[in-house]
Structures are given as C-alpha cells and as structure tokens.
Amino acid sequence: MPPQKATSDVFHAIADPNRRALLGFLAYESKPVGECVDELGITYSAVSQHLSVLREVGLVESESRGRQRLYRSRFEPLQAVHDWTALYRPFWQNRLKGLGDYLNRKDSEGQE
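Computed from a predicted model, the values in this text were never measured in an experiment.

(A) Highlighting the overall build of the protein. Scanning the protein from N- to C-terminus turns up six helices and three strands. From first element to last, N terminus to C terminus, the protein shows the α and β order α-α-β-α-α-β-β-α-α. On C-alpha atoms alone, the protein measures out to a radius of gyration of 21 Å, which is more than a quarter above the 13 Å that the 2.2 N^0.38 rule sets for 112 residues. C-alpha extents for the protein along the principal axes are approximately 70 × 40 × 25 Å. Buried residues in the protein amount to 29% of all 112 residues. When contacts within the protein are restricted to residue pairs at least 6 apart in sequence, long-range pairs at least 24 apart make up 55% of them. For the protein, the computed accessible surface area is about 8,100 Å², with 52% contributed by carbon and sulfur atoms. Distance between charge centres in the protein, computed from 15 positive and 15 negative side chains, equals 4 Å.

(B) Quick peek at helix α4 (residues 44-56). Look at α4: 18 Å from first C-alpha to last across 13 residues, which is about the 18 Å you get at 1.5 Å a residue. Residues A46, V47, H50, L51, V53 and L54 constitute the buried set of α4. With its buried residues spanning 160° around the axis, α4 presents them on a single face. For α4, the exposed residues set more than 90 degrees away from the buried face come down to Y44 and Q49. The elements touched by buried residues of α4 are α1 (10-14), α2 (17-25), α3 (33-40), β2 (60-65) and β3 (68-73). Of the residues one or two after α4, G58 is the one with positive phi, at around 85°.

(C) Here's a closer look at the side chain of S30. Inspection of the secondary structure puts S30 in the loop between α2 and β1 (31-32). With relative accessibility at 18%, the residue S30 sits in the buried group. Setting aside chain neighbours within four positions, we find S30 in contact with E63, L70, Y71 and R72.

So, how was this worked out
Residues numbered from 1 in each chain as written. Predicted model: local features only at pLDDT ≥ 70, side-chain atom pairs only at ≥ 80, totals over all residues. Heavy atoms only, no water. Helix = DSSP H or I, 4+ residues; strand = E, 2+ residues; numbered from the N terminus. Rg over C-alpha atoms; globule rule 2.2 N^0.38 Å. Buried < 20%, exposed > 50% of the residue type's maximum accessible area, 1.4 Å probe, protein only. Contact = heavy atoms within 4.5 Å. Areas by Shrake-Rupley, 256 points an atom, 1.4 Å probe, with all protein chains shown as cover. Lys, Arg positive; Asp, Glu negative; His and termini not counted. Charge placed at Lys NZ, Arg CZ, Asp CG, Glu CD. Expected span 1.5 Å × (residues − 1). Arc of directions from axis to C-beta.

Worth remembering: the numbers are spatial, not functional.
Shown next as structure tokens:
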C-alpha cells in the first residue's frame with residue numbers, strides 16, 4: 001500500500017509543530033518566506049515544503065506582490081478540527097467538574 005500523502009487533510013497538516021508555528025506567525029499579516037525562515041529558524045526549503053502542505057489543504061493562501069510571494073493564514077479549514085474536538089468537550093467538562101468537586105471536598109475537610 002503506498003504511503004498516504006502528507007497533505008491529505010487538515011489534521012495531518014496541523015500535526016507538525018513547525019506548520020502550527022507558521023499558522024500563528026502568518027495569522028495577522030502577510031509575510032514572505034524569508035521572514036518565516038527567520039522566525040522558525042529552519043531552512044528555506046523546509047519552510048517552503050511546510051507552506052506547500054498548508055496551502056494544499058487551504059490553511060495558507062499566497063499572493064504575489066512585485067517579485068515577492070506573500071503568505072497568510074486562513075482558518076476556515078480548521079472548522080473540521082473544531083467540530084471533531086467538540087465531540088470530546090463533555091468528557092473533559094465532566095472530568096474537570098469531578099476534579100473541582102474533589103478539590104472542594106479536600107479543602108472543606110482541611111478546614112474542619
């Protein structure tokens with residue numbers, strides 16, 4: 001079976017910490033690859049590959065300005081991640097409520 005393409009979905013695209021860092025860095029302002037290289041401290045080639053993965057799933061868009069290509073994050077594709085993680089929200093709310101109840105009991109016991 002051939003290996004699955006790394007750019008097949010948003011989940012895989014955001015699995016890499018460098019790609020997540022790029023999304024954050026490009027969130028508010030379009031920037032050229034060179035600034036991304038400086039920010040991440042990895043090679044130009046690596047940044048270009050990460051941008052390619054993000055662009056393929058729609059998390060990054062690019063525009064040409066003169067001789068430069070500028071990149072900016074797009075967050076709409078992350079809706080799928082949000083929707084999926086929302087399925088687990090009741091579990092974590094229940095766990096945190098249980099922890100809060102436990103800590104309140106311990107605090108009450110300590111004050112007697």
